[in-house]
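# Structure assessment
Spelled out from the first residue to the last, the chains are:
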Amino acid sequence: MFIHHLILKKVGLTSFQIKTFLVTKYGHSQKVLINKYFFSFVVEYFNIRQFCDQKLVYIVRRIMMNWYIIFANDNKINDLLLYFNNHPEMTAFVPKIEKLMKKDGKKVFAEVPMFPNYIFIESEFNSQEFYQIIESLEKDMDSTMRIMQSDEQKVLSLANNEKELLESLFNDDHLITRSMGTITDSKLIVQKGPLVGKEEMIKKIDRHKRVAFIGDVFGKTMKVPLEVTSKT
């Protein structure tokens, strides 16, 4: 809700005024979720590019973006990243985490793909537009790339809550760095890193591998780096 409050402050409206308008325009009850229509309302009625600074416009545009997922063989990932990032309306990346590994007999944290062989593509294209763009590319790649699908989606994209969770953990390079914390009286307190304030989301901790399990993203378990420095 932080972004909502930031925009409301800019336009001088209260949440109640926004909800009243939405009920009138869309016919929903007072239980309507402000998230569903909030940003389209702001863009439509206040021309966000005129009253917001560039940073706020960037934030809103990112929130409205879709994140699509494709699978690719190792030897094609760099080519695909280059292809998609050369498209003016797409941004492609491979989410990474810091993972504890052995190197020269020592344990060190190294950057590795969070979901090996998966590429995330950020775009304002809807699923049909995106599918049409990459359908021919998939054929040209000779089975080295696969469009991810689900029972409900022709092209798999992240749900908003999944996207928001990942964005809250990523740094500017789409990397999840390690968090550090302590356990006192069986209670975890994260003191440093992207998991600060997210202790309740953690379902399991593997202290030996220094990872925390915090749920699923597109059906795959999320394991993020967490180093517990002490337990009392």
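Residues numbered from 1 in each chain as written. Predicted model: local features only at pLDDT ≥ 70, side-chain atom pairs only at ≥ 80, totals over all residues. Heavy atoms only, no water.

### Looking at the overall build of the protein chain
As a reminder of what qualifies: Going along the chain from the N terminus, every DSSP run of H or I of four or more residues is numbered as a helix, and every run of E of two or more is numbered as a strand. Think of it in three bands: with a 1.4 Å probe and only protein chains considered, a residue is buried below 20% of the maximum accessible area for its type, exposed above 50%, and partly exposed in between. Here, residues are in contact when the closest pair of their heavy atoms is within 4.5 Å. Note on areas: Shrake-Rupley with a 1.4 Å probe; residue coverage comes only from the protein chains shown.
Scanning the protein chain from terminus to terminus reveals eight helices and twelve strands. Looking at the protein chain residue by residue over its 232 residues, the buried ones come to 40%. In the protein chain, 61% of the contacts between residues at least 6 apart in sequence involve partners at least 24 apart. Summing over all exposed atoms, the protein chain offers an accessible surface of approximately 14100 Å²; the carbon and sulfur share of this is 49%.

### Description of the sheet that holds strand S11 (residues 211-217)
Convention followed: DSSP-based pairing: two strands are paired if at least 2 bridges between them are found. Each axis is a line fitted through C-alpha atoms, and for a helix only the stretch in contact is used; angles between axes span 0 to 180 degrees, taken between their N-to-C directions.
Taken in spatial order, the five strands line up as S9-S8-S12-S11-S10 in an open sheet, and their pairing is mixed. Only two strands of the sheet have a single neighbouring strand rather than two, namely strand S9 (187-192) and strand S10 (204-206). The mean inter-strand angle of the sheet, taken between neighbouring strand axes irrespective of direction, is 40°. Pairing of S11 with strand S12 (residues 220-231), which is carried by five bridges, proceeds in the antiparallel orientation. Residue pairing across strands places phenylalanine 213 opposite lysine 223, the latter belonging to S12.

### A short note on unusual backbone geometry
Phi angles above zero are rare outside glycine, and asparagine 117 is one such case at about 75°. Secondary-structure assignment places asparagine 117 in the loop between strand S4 (106-113) and strand S5 (118-123). For arginine 210, which is not a glycine, the phi torsion comes out positive at approximately 60°. When you line up the elements, arginine 210 lands in the loop between S10 and S11.

### Describing the pairing of S4
Looking at chain direction, strand S3 (residues 96-103) and S4 are connected through eight bridges and run antiparallel. Opposite glutamate 98, over in S4, you have glutamate 111 as the bridge partner. The antiparallel pairing of S3 with S4 creates a hairpin that spans two residues between the two strands, and aspartate 104 there sits at a positive phi of about 55°.

### Observations regarding the environment of threonine 232
Note on placement: threonine 232 falls in the segment after S12. Residue class for threonine 232 comes out exposed when judged on its relative accessible area of 63%. With 45 residues separating them along the chain, threonine 232 and lysine 187 place their C-alpha atoms 9.6 Å apart. The residues contacting threonine 232, other than those within four sequence positions of it, are Ile183, Thr184, Asp185 and Ser186.

### Comments concerning the nonpolar core
Counted only if it meets this: Nonpolar core, defined: a set of buried Ala, Val, Leu, Ile, Met, Phe, Trp, Tyr and Cys residues in which side-chain atoms within 4.5 Å join the residues together. Residue ranges for the domains originate in an automatic or database domain assignment.
In terms of nonpolar packing, the biggest core is built from 29 residues, with Phe120, Leu166, Phe218, Met222 and Val224 touching the most fellow members. When residues of this core are traced back to their parent elements, those giving at least two are strand S1 (66-72), S5, helix H8 (160-169), S9, S11 and S12. At four residues, S12 tops the list of elements feeding residues into this core. When residues are assigned to domains, this core turns out to be shared by domain 2 (66-162) and domain 3 (178-231), each giving three or more. With near-sequence residues (within four places) excluded, phenylalanine 218 lies in contact with Ile69, Phe115, Tyr118, Phe120, Leu156, Leu158 and Glu162. If you look at the next biggest cluster of nonpolar residues, it comprises 18 residues, including Ala72, Ala92, Val94 and Val155.

### As for the packing of aromatic side chains
Keep this limit in mind: Paired rings are identified among Phe, Tyr and Trp, the last through its six-membered ring, by centres lying within 6.5 Å, and are further divided according to the angle between planes into stacked (under 30 degrees), edge-to-face (over 60) and tilted (the rest). The criterion for a charge sitting over a ring is simple: Lys NZ or Arg CZ within 6 Å of the ring centre, and within 35 degrees of the ring normal.
Per the stated rule, a full pass over the model turns up twelve aromatic pairs. For the ring pair phenylalanine 115 and phenylalanine 218, a centre distance of 5.2 Å and an interplane angle of 65° mean the geometry is edge-to-face. Linking phenylalanine 115 in the loop between S4 and S5 with phenylalanine 218 in the loop between S11 and S12, this pair joins segments that are 103 residues apart in sequence. Accessibility classification places phenylalanine 115 together with phenylalanine 218 in one group, the buried group. Note that lysine 204 overlies the ring of phenylalanine 213, its terminal NZ or CZ placed 5.2 Å from the centroid.

### Notes on the pattern of salt bridges
Short version of the rule: Salt bridge, as applied in this entry: a Lys or Arg side-chain nitrogen positioned within 4 Å of an Asp or Glu carboxyl oxygen.
All told, the structure shown has three salt bridges when counted by the stated rule. Its salt-bridge partner being arginine 178, residue glutamate 98 comes within 3.5 Å of it at the nearest N-O pair. Placement of the pair is glutamate 98 in strand S3 and arginine 178 in the loop between strand S7 (175-176) and strand S8 (179-184), with a sequence separation of 80 residues. Under the relative-accessibility criterion, arginine 178 is labelled partly exposed at 32%. One salt bridge in this structure joins glutamate 227 and arginine 210, with 3.3 Å as the shortest N-O distance. With glutamate 227 in strand S12 and arginine 210 in the loop between S10 and S11, this pair connects stretches of sequence that are 17 residues apart. Via salt bridges that share partners, Glu98, Arg178, Arg210 and Glu227 belong to a single interconnected network.

That is the geometry; function is a separate question.
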